Amino acid sequence: MARTISNLAAYFDARAGVGELRMADSRLAASQFMMACQASLFLPYVFQSAPAPTPERIAQVVDSATQMFLAAYRTKAG
């Protein structure tokens, strides 16, 4: 997990370097994004209180997480 967060943070840093994103802590932003992508999907499945999510539901949650992330971190130029 640490490697994935580091890789995503490096990507965010690169996007910040060209003025598309602005964040004080790219590792925190990477963790936030990853957890938002799991929202309402992972724990219900792990605890067997819901079936595996459909590809459509996964896409819906990831799209929402992306919109939320960009609302927080995208610059006006990005």
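See the structure above.
Here is a short report on the structure shown in this document. Here the structure is a predicted model, which means the values were calculated and not measured.

**Structural notes on the overall build of the protein**
A tally of regular secondary structure across the protein gives 4 helices and 0 strands. Counting from the amino terminus, helix and strand elements in the protein follow one another as α-α-α-α. Evaluated residue by residue, the protein yields a buried proportion of 24% over its 78 residues. Sequence-distant contacts, at least 24 apart, represent 60% of the contacts inside the protein between residues at least 6 apart.

**Considering the pattern of salt bridges**
Opposite charge on two side chains lets them pair, provided their charged atoms get close. With the rule as written, the count across this model stands at 1 salt bridge. Between Glu-20 and Arg-15 there is a salt bridge, with its nearest N and O atoms 2.8 Å apart. Given a relative accessible area of 33%, Glu-20 falls into the partly exposed group.

**Observations concerning unusual backbone geometry**
You will see that Ser-40, though not glycine, has its phi angle at about 65 degrees, which is positive. If you check the backbone angles, Gln-48 has positive phi at about 55 degrees while not being a glycine. Along the chain, Gln-48 turns up in the loop between helix H3 (42–46) and helix H4 (55–73). Residue Gln-48 is classed as exposed on the basis of its relative accessible area, which comes to 72%.

**Description of the packing of helix H2 (residues 26–38) against H4**
One can describe the packing of H2 onto H4 by two numbers: an axis separation of 8 Å at closest approach and a directional angle of 150 degrees. Relative to H4, the element H2 is oriented roughly antiparallel. Judged by the sense of rotation from one axis to the other, the crossing of H2 with H4 is right-handed. Here Ala-29, Gln-32, Phe-33, Ala-36 and Cys-37 of H2 come into contact with H4, specifically with Val-61, Val-62, Ala-65, Thr-66, Met-68, Phe-69 and Tyr-73. By residue class, the composition of the contact of H2 with H4 is 10 nonpolar, 2 polar and no charged.

Rules used in this analysis
Residues numbered from 1 in each chain as written. Predicted model: local features only at pLDDT ≥ 70, side-chain atom pairs only at ≥ 80, totals over all residues. Heavy atoms only, no water. Helix = DSSP H or I, 4+ residues; strand = E, 2+ residues; numbered from the N terminus. Buried < 20%, exposed > 50% of the residue type's maximum accessible area, 1.4 Å probe, protein only. Contact = heavy atoms within 4.5 Å. Salt bridge = Lys/Arg side-chain N within 4 Å of Asp/Glu carboxyl O. Axes fitted to C-alpha atoms, helices over the stretch in contact; angles between N-to-C directions. Parallel < 35°, antiparallel > 145°, perpendicular 65-115°, else oblique. Left-handed = near helix turned anticlockwise from the far one by under 90°. Nonpolar A, V, L, I, M, F, W, Y, C, P; charged D, E, K, R; others polar.

On their own, these measurements won't tell you what the molecule is for.
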